[in-house]
Amino acid sequence: MSNAARLVWVCASALAVFVAWVATSAGPNTGIGFFYAVPIGLAAWWGGIRNALIAVAGCVVLYNLGALIQPVPHFGLALLLRLIVFLAVAILVSVARERLAALEHSAEELEDIQAALTPTKVIDIPHVEVGTAFVPSDHGVSGDFYLVTNGPDGSTLAIVGDVVGHGPQAARLATFIRARFAAFVASTSEPGELLSLANIALLDRPGASRELVSAACLRFREGGDLSWAIAGHPPPLRLPRLEELAPVGPTFLLGADAELELHAGHTLLNPGEGALIYTDGATEIRRDGKLLGFEGLSRLLGPLSPLAATDLASRAEAALLDWTDEALRDDLCLLVVKPKRS
C-alpha cells in the first residue's frame, strides 16, 4: 500500500468516528470518541511514532469540534482521559512495529548466515564428488556448518563442525569459525594443524567467553589417500562399509584447551569408497521417544552407502526425516565425499 493510500485510510477512519459521534443521538456518553484510537493505531503501525503523534493531534482537534456540536460534561477530564488513551495507543503500537521490524531483520540476517554456513551448492572439485544434506532444527537457526575446498597442495578438504549451543549466538560463532577454516586452508592442508589453528582462533577471539565447537576435517588426495583429524566430533564413516574413522589419540572440543594437540589418521581408499561426515543431529532424532543412535543410523545408511555422493546425501536425508516422528531438536547435517572414478 502506498503512503498516499495509508494517509487516506487514516483520515477516512478518523472522519468516520467524528461523523458517527455527531450523528449518534446518545451523544458523548456513548464513548465513541475512544474509537479515535483506530486511526491513531493505523498511523503508528504504518508510519511510526512521529506520524502517530500527528494523528493524535488531529483526533484531539476532531474531538474538540465534536464537543462543540454535542457538549461533553466535564470536558477537561474527558479530554484528558482520551488523550492518555490516544498517546498509549500511539506508543504501544509504534513499539510493536519497531520490534517486529527488528525481528524480521534478524530473521533475514540469520537466513543469510545459515545459507553461508551450509550452501545448497558446493564448489566443483575436480577429483571428488560431493553430496550434502542439511535440515535446520525446528527451534530456529543453530551452529552446524560445513566447508569443502581445495588445499594448497591440490588436495580436497572437507570440514564439518557443530557449535555447542543454539540460536543466533551459535550461528554467528559458526560463521566466525568457518571463515577461519577457509583462511587457514590457504596455508596448510594438514587436518590436525587446521583444527589446532581453529582452536587458537577461538581462544584468541576478542571478548569471547568459553565457546566450544566440535569439528571433523578430512583431506583427500589423488590415488585414494585419505587423512583425517577429529576434535570432539562424531567420527566420520568410511563408505560403503560405514566403519568409523576413529581419532588418533585424545580428542577434545575446540575452544576447551589452549594446549590442544590433534593428530591425523591415514588410510588408502579403494575404488568406490569414500567418507561421510555427520553432526549429532543425525543420531539424536527420535521415534517413540527413543534416540536413533549410531546403530540406527548405520541401519538406515547401509542400503544407501554404495550410491553416488549426491544420491546418498539426498536419500539419507529423506530416510532420516521419514524415520523420526518428532520435530528436529537439532540441525541435521550430512556431508558425503567420494573420489571420482577415473
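All values derive from a computational prediction rather than experimental measurement.

1. Here's the deal with the environment of V10
Line of reasoning, step 1. Secondary-structure assignment places V10 in helix 1 (residues 3-23).
Line of reasoning, step 2. Taking the C-alpha atoms as reference points, V10 and V38, 28 residues apart in sequence, are found 8.3 Å from one another.
Line of reasoning, step 3. Leaving out residues up to four positions away in the same chain, V10 has contacts with P39, L42, A43 and W46.

2. Quick word on the nonpolar core
Line of reasoning, step 1. Ranked by internal contacts, the top residues of the largest apolar core, which has 26 residues, are F145, I177, F181, L195, L202, V213 and L254.
Line of reasoning, step 2. Of all elements in the fold, only strand 2 (144-150), strand 3 (156-163), helix 4 (168-184), helix 5 (191-203), strand 4 (213-221) and strand 5 (225-231) reach the threshold of two or more residues within this core.
Line of reasoning, step 3. By residue number, the principal contributor to this core is helix 4, which donates seven residues.
Line of reasoning, step 4. Setting aside anything within four residues of it in sequence, one finds L195 in contact with F181, A215, C217, A229, I230, A231, L254 and L262.
Line of reasoning, step 5. Residues L237, L292, A316 and L320 belong to the second largest nonpolar core, which totals 23 residues.

3. Digging into unusual backbone geometry
Line of reasoning, step 1. Here L239 and P240 are connected by a cis peptide whose omega angle stands at 5 degrees.
Line of reasoning, step 2. The topology assignment puts P240 in the loop between strand 6 (237-239) and strand 7 (243-244).
Line of reasoning, step 3. The phi angle at L242 is positive, at roughly 60 degrees, despite the residue not being glycine.
Line of reasoning, step 4. Classification of L242 as buried rests on a relative accessible area of 11%.

4. Re the pairing of strand 4
Line of reasoning, step 1. Judged by how many residues are buried, strand 4 sits mostly within the fold: eight of nine residues are covered.
Line of reasoning, step 2. Here strand 3 runs beside strand 4; their pairing, made up of eight bridges, is antiparallel. Within strand 4, the residue paired with D162 across the bridge is S214.
Line of reasoning, step 3. Where strand 4 meets strand 5, seven bridges bridge the pair, whose relative direction is antiparallel. Directly across from L218, in strand 5, lies its bridge partner W228.
Line of reasoning, step 4. Counting the residues in the hairpin turn of strand 4 and strand 5 gives three residues, including G223, whose phi is positive at 95 degrees.

Thresholds applied
Residues numbered from 1 in each chain as written. Predicted model: local features only at pLDDT ≥ 70, side-chain atom pairs only at ≥ 80, totals over all residues. Heavy atoms only, no water. Helix = DSSP H or I, 4+ residues; strand = E, 2+ residues; numbered from the N terminus. Contact = heavy atoms within 4.5 Å. Core = buried A, V, L, I, M, F, W, Y, C linked by side-chain atoms within 4.5 Å. Buried < 20%, exposed > 50% of the residue type's maximum accessible area, 1.4 Å probe, protein only. Pairing = 2+ DSSP bridges.

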